[in-house]
Amino acid sequence: MRVPYLDLPSQFADPELHSALQAQLAACSFVLGPEVERFEAAFADLCGAAYALGLNSGTDAIFLALRALGVGPGDEVITAPNSFVATAGAIAAAGARPVFVDVGPDYNLDPELLPAAITSRSKAILPVHLTGKLADMPRIMEIAKRHGLPVVEDAAQAVRAELQGRRAGAWGAAGCFSLHPLKNLNVAGDGGMLTTNDPELYAAVKKLRNHGLRNRDEVEFFGFNSRLDNLQAVVGLHQLGKLEEVTARRRANAALYDQLLGDLAPQVVVPPRDPEHFQVFHTYVVQVERREELREHLAQQGVDSKIHYPIPIHLQRPCRELGHQEGDFPVCENQACRILTLPVHQHLRPAQVRYVADQIARFYRVG
Ligand SMILES: Cc1ncc(COP(=O)(O)O)c(C=O)c1O
C-alpha cells in the first residue's frame, strides 16, 4: 500500500474550483478585488476576529504585524525555537532579535520559562501554535499583560484550532496564518492572512501591505507589496467551504492513530491531548525510538513521513551570531531527535492509517 504524506492532486482536481478560477481569469480582475474582501470577511468570521487581511504569505503576516506594532532594531521578540524558520526569520526581517524560550511536552512555548526571558528590550511575544494545537494562551496572555507586551500569534499551522472555545487568531494583538499548499486551509501557491480585533493595527497593516498608500495617489509611509491575489482568494474561499470536513477528517485520522499507537509507549509516544483544546492536526507528530531506522522501514513499505523540524532554529547558522549552542533549549533539542510526522491529511482512508500503525507496530515487534 502507498501512503503519501499529502494528496494535493485529489484536493485540486475539483471541477467547481476549476470553473471558479476560469471565471476569475475571464474577468481579468487580479489584485485587491472583491474576492479578497469576501475571503477576508469569511476568514475573520471563522476565527472569531473583527478583521482579517489577505497577504502574500504567513511570513509576511508575522513581519507586518511586528512592523505595525513598532518592532524594529534594538528590540527583542520572544518565541519558540522549534518552529519553522519563518517565525524567527520574520522577527529578524523586522530588524529585531529573536529570543527563544524552550517548549513543553506539547511542543509549544513553556509559559513557566517566559517571565525569565522578558527584558527591558522585549517588544512582543510570539507564541507558535505548532502542529495545530494552541499554545497556552491564557497564561501567555496573562504574563504579557503584566509586562505590557503585545502578543502576536504564529497561527500558521492552526487555522480553526481552539482553546477554551476561543480560536487561533482571536487571542493576541494579531494572528498570523499561512495559506501555503501544505496547510489545512491552502491556496494554489503562497498566501497568508492576518487577523486582529484592533482597528488601528488593521488600518496600519492594510496600508503596509500596499506601499503605504492612503488612496490611489497619496502615500502615508513607505510600505511593501504583500497582497493576496484575487485568484488565490477564489481558491481560499473555495477551500474555506470545505474546512469543517477537512478538519473533521484530520481529527478522525489522529484519533485512530492515538488508539492504534497508544499501546506502543515508550517506543512510540502519541501527541499529548487536553480536553480544553480542539486540535486540528496540521501535523500528527509522534516521538519514537530508533527514528531513522523506522523511517527507512516505513519508506520501504510505501509510507511517507517527515520531521518538523530536525534542526531547531537556535542551532541554525544565522543564530550563531546570537551566541546559541547545543544544550541551550534541552526539551526542544531532545524532541528534535525523536519526533516523526505521520501522514494525517483529509484524503487518507482509515485502512491507510491502520496500515501505517501496523507497520510501526511490526517494526518494534521484530526489533
Ligand atoms: C509555524 C510556521 N510559521 C510560519 C510559517 C510561514 O508561512 P508561509 O510559508 O506562508 O510564509 C509557516 C509555514 O510555512 C509555519 O509552519
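Quick caveat, the model's predicted, so the values are computed rather than measured. (Residues numbered from 1 in each chain as written. Predicted model: local features only at pLDDT ≥ 70, side-chain atom pairs only at ≥ 80, totals over all residues.)

Caption draft 1: Highlighting the site of the ligand. Looking at the ligand, there are 15 residues lining it, with Ser 57, Gly 58, Thr 59, Ala 156 and Ser 178 nearest. Contributing elements (two or more residues each) for the shell around the ligand: α4 (58-68) and α5 (86-93). (Near = placed C-beta within 6 Å. Helix = DSSP H or I, 4+ residues; strand = E, 2+ residues; numbered from the N terminus.)

Caption draft 2: Geometry of the domain arrangement of the protein. For the protein, the assigned domains read domain 1 (8-240) and domain 2 (243-366). Each of domain 1 and domain 2 has a C-alpha centre, and the two are 24 Å apart. Across the contact, 33 residues belong to domain 1 and 28 residues belong to domain 2. Only α1 (8-12), β3 (97-100), β6 (162-163) and α9 (230-240) provide two or more residues apiece to the side of domain 1 that touches domain 2. Among the residues making up the side of domain 1 that touches domain 2, the classes are represented as 15 nonpolar, 11 polar and 7 charged. (Domains from an automatic or database assignment. Contact = placed C-beta atoms within 7 Å. Nonpolar A, V, L, I, M, F, W, Y, C, P; charged D, E, K, R; others polar.)

Caption draft 3: Spatial organisation of the sheet that holds strand β12 (residues 284-288). The antiparallel open sheet is built from 3 strands, whose spatial order is β10-β12-β13. Only two strands of the sheet have a single partner each, and these edge strands are β10 (268-269) and β13 (339-342). In the sheet, β12 pairs with β13 via 4 bridges, with the strands oriented antiparallel. Bridge pairing in β13 places Gln 287 opposite Ile 339. (Pairing = 2+ DSSP bridges.)

Caption draft 4: Up close: the nonpolar core. If you look at the biggest cluster of nonpolar residues, it comprises 104 residues, and the most contacted ones within it are Ala 65, Leu 66, Cys 176, Leu 194 and Val 205. Looking at this core element by element, the count peaks at 7 residues for α4. Counting only domains with at least three residues in this core, you end up with domain 1 (8-240) and domain 2 (243-366). If near-sequence neighbours (up to four positions away) are discounted, Val 205 is found in contact with Leu 53, Leu 64, Ala 65, Ala 68 and Leu 194. (Core = buried A, V, L, I, M, F, W, Y, C linked by C-beta atoms within 7 Å. Buried ≥ 20, exposed ≤ 12 C-beta atoms within 10 Å, placed from the backbone.)

Caption draft 5: How the structure looks around the environment of Gln 287. Residue placement: Gln 287 occurs in strand β12. Overall, Gln 287 belongs to the buried group, with 20 C-beta atoms counted inside 10 Å. On a C-alpha basis, the gap between Gln 287 and Ser 83 in space is 16 Å, while along the polypeptide they are 204 residues apart. Sequence-distant contacts of Gln 287, that is, excluding residues within four places in its chain, are made with Val 269, Gln 335, Arg 338 and Ile 339.

Caption draft 6: Structural context of the packing of helix α11 (residues 291-300) against helix α13 (residues 350-366). Here α11 crosses α13 at 130 degrees, and the two axes come no closer than 10 Å. As the angle between them shows, α11 and α13 are arranged oblique. You can see that α11 and α13 cross each other, and the crossing is right-handed. Packed against α11, whose contacting residues are Leu 294, His 297 and Leu 298, the element α13 presents Gln 359, Ile 360 and Phe 363 at the interface. Along the lines of polarity and charge, the residues of the contact of α11 with α13 split into 4 nonpolar, 2 polar and no charged. (Axes fitted to C-alpha atoms, helices over the stretch in contact; angles between N-to-C directions. Parallel < 35°, antiparallel > 145°, perpendicular 65-115°, else oblique. Left-handed = near helix turned anticlockwise from the far one by under 90°.)

Caption draft 7: Layout of the packing of helix α2 (residues 15-27) against α9. Orientation of α2 relative to α9, taken along the N-to-C sense of each, is 155 degrees, at an axis distance of 10 Å. By the criterion of interaxial angle, the relationship of α2 to α9 is roughly antiparallel. Both α2 and α9 take part in a crossing whose hand is right-handed. Of the residues in α9, those in contact with Glu 16, Leu 17, Ala 20, Leu 21 and Gln 24 of α2 are Asn 230, Leu 231, Val 234, Val 235 and His 238.

Caption draft 8: Seen up close, the environment of Arg 2. Structurally, Arg 2 is set in the segment before α1. Since 9 C-beta atoms lie within 10 Å of it, Arg 2 is described here as exposed. In sequence terms Arg 2 and Gln 301 are 299 residues apart; their C-alpha atoms lie 7.6 Å from each other.

Caption draft 9: Structural context of the sheet that holds β6. Spatial strand order, β7-β6-β11: 3 strands in an open sheet with antiparallel pairing. Edge strands, defined here as strands with exactly one partner in the open sheet, are β7 (166-167) and β11 (277-278). Both β6 and β11 contribute to a ladder of 2 bridges, which runs antiparallel. Among the inter-strand pairings, Glu 162 is bridged to a residue of β11, identified as Phe 278.

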